[in-house]
Amino acid sequence: MSTPVTVTRTGSSTFTASNDRGGRVTIAHEDAEDGFTPGELLLAAIAGCAQLTSENLLTRRLGQRAPVTVHADRELDERDPDRFGSVRLSFDVDLSGVGDVTERAKLVEAVERAIARKCTVSRSVEHGTPVEISLPG
């Protein structure tokens, strides 16, 4: 299954990413007011994938209306500042209503396992997916 994305230049250092379902997002330098840098989009993709992967586990225990926020941040590679050295995900979710400490620990482990096994984005980043580039000749 393919999920193509198209990125089109719309102005000076400004681009629009779109998909076949009508989704759109602005990509720009970090000094642009409305838009995401490519690095921020990668962080959003990792956090969004973690959210989608863990949603059923969390809402089954916390309810469909449970607020869950995932914060994503990165450290730059000290030897190569144009590369992420690591990415940190931090879940903002209230687990106090989930049984005792042991039950909460089991839920946390299940969420971590699900993300490690099923989150396509973080798995691709962790395993170093090759990128092929093609320009007209």
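Residues numbered from 1 in each chain as written. Predicted model: local features only at pLDDT ≥ 70, side-chain atom pairs only at ≥ 80, totals over all residues. Heavy atoms only, no water.

## Some details on the state of the cysteines
Stage number 1. On inspection of all chains with the given rule, the structure shows 1 disulfide.
Stage number 2. Bridging Cys49 to Cys119, the disulfide has an S-S length of 2.4 Å. A residue pair is termed long-range when its members are at least 10 positions apart, and Cys49 in helix 1 (residues 38-62) and Cys119 in the loop between helix 2 (101-118) and helix 3 (120-127) qualify at 70 residues. (Disulfide = S-S within 2.5 Å. Helix = DSSP H or I, 4+ residues; strand = E, 2+ residues; numbered from the N terminus.)

## Examining the sheet that holds strand 3 (residues 24-28)
Stage number 1. An order of 1-2-3 is seen for the 3 strands of this open sheet, with the pairing classed as antiparallel. Edge positions in the sheet fall to strand 1 (5-11) and strand 3, since each has one partner strand and no second. In this sheet, neighbouring strand axes are inclined to one another by 30° on average, regardless of whether the strands run parallel or antiparallel.
Stage number 2. Here 5 bridges tie strand 2 (residues 14-19) to strand 3, and the two strands are oriented antiparallel to one another. What sits directly across from Thr16, in strand 3, is Thr26. (Pairing = 2+ DSSP bridges. Axes fitted to C-alpha atoms, helices over the stretch in contact; angles between N-to-C directions.)

## What to know about the pairing of strand 2
Stage number 1. Examined bridge by bridge, strand 1 and strand 2 share 6 bridges and lie antiparallel to one another. Bridge pairing in strand 2 links Gly11 to Thr14.
Stage number 2. Here strand 1 folds back onto strand 2, and the loop between the two strands holds 2 residues, one of which, Ser13, carries a positive phi near 55°.
Stage number 3. Connecting strand 2 to the antiparallel partner strand 3 that follows it, the hairpin turn spans 4 residues, and Gly22 within it adopts a positive phi of roughly 95°.

## Points about helix 1
Stage number 1. Roughly 50° is the biggest bend found in helix 1, and it falls at Ser54.
Stage number 2. Of all the positions in helix 1, only Leu43, Ile46, Ala47, Cys49, Ala50, Thr53, Ser54, Leu57, Leu58 and Thr59 are classed as buried.
Stage number 3. Following helix 1 by one or two positions, Gly63 adopts a phi angle in the positive range, close to 100°. (Bend = angle between axes of the 7 residues up to and from the residue. Buried < 20%, exposed > 50% of the residue type's maximum accessible area, 1.4 Å probe, protein only.)

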